Amino acid sequence: ILNDFVVGNEDKFGIVVKDMKTGETATYNADHQIESASLYKLFVAQGIYQRIDLRQLSYTQPAGGGSGSTIGGCLTVMINISDNTCGRALGDILGWGEQNEALGLEGYKETDMATPQQTSAADVATLLGRLYAGTLVSADSGQQFLGLLKDQRVNNRLPVGLPAGTVIAHKTGDLDGFVHDAGIV
């Protein structure tokens, strides 16, 4: 099905589909590094939640970066409406390229947070799989992260065609001709 889907655009897709109950997986170009557009915000959120779990940051402290918001407020709008000011503010807190070593140690082979941010379908699938399994961050942070992804306001991709009432937690990205959506259905 994936091979038929990409015909004529083989170099433009990176896809991972995984049944989280059985582990059955289908991929196409999964390890191909591409510009992440706003999918980088998934990795920023992971880093922020990890620091909150370690008590190095709190939801109520200012996010800075001209956001006029708290870290908690920025997490919300960075994920559910893809706010770029908050994305940059939270990325600045973590340090853009400074995240790469830790991400590499966590197994994200194609994710680079230096400008321009890049990732792969496989790395995004790994992050979402860990979130689903409850191993990405603490249980409380994981539930908050999933809640934000379920409250995604851009719903013109993965949710299209799903039966009414289907629960989906996802994040979109758009930039310079790159159009992404990654999620847990």
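This text gives an overview of the structure that appears in the document. (Residues numbered from 1 in each chain as written. Predicted model: local features only at pLDDT ≥ 70, side-chain atom pairs only at ≥ 80, totals over all residues. Heavy atoms only, no water.)

### So, the packing of aromatic side chains
As enumerated under the stated definition, the model contains five aromatic pairs in all. Arranged with centres 5.1 Å apart and planes meeting at 85°, the rings of Phe-43 and Tyr-108 form a pair that is edge-to-face. Of this pair, Phe-43 sits in helix 2 (residues 40-53) while Tyr-108 sits in the loop between helix 5 (99-105) and strand 4 (118-119), placing them 65 residues apart in sequence. The exposure class of Tyr-108 is buried, given its relative accessible area of 2%. Taken together, the ring pairs in this structure connect Tyr-49, Tyr-59 and Phe-145 into an aromatic cluster. It is Arg-130 that lies over the ring of Tyr-108; its NZ or CZ is 5.1 Å from the centre. (Phe/Tyr/Trp six-rings, centres within 6.5 Å; stacked < 30°, edge-to-face > 60°. Helix = DSSP H or I, 4+ residues; strand = E, 2+ residues; numbered from the N terminus. Buried < 20%, exposed > 50% of the residue type's maximum accessible area, 1.4 Å probe, protein only. Lys NZ or Arg CZ within 6 Å of the ring centre and 35° of its normal.)

### Structural notes on the pattern of salt bridges
The tally for this structure, following the rule as stated, stands at two salt bridges. Linking Asp-151 and Arg-153 is a salt bridge whose minimum nitrogen-to-oxygen distance equals 3.0 Å. With relative accessibility at 33%, the residue Asp-151 sits in the partly exposed group. Taking the shortest distance from any N to any O, the salt bridge between Asp-174 and Arg-157 comes out at 2.7 Å. With Asp-174 in strand 5 (residues 169-175) and Arg-157 in the loop between helix 7 (139-150) and strand 5, this residue pair connects regions lying 17 residues apart in the sequence. (Salt bridge = Lys/Arg side-chain N within 4 Å of Asp/Glu carboxyl O.)

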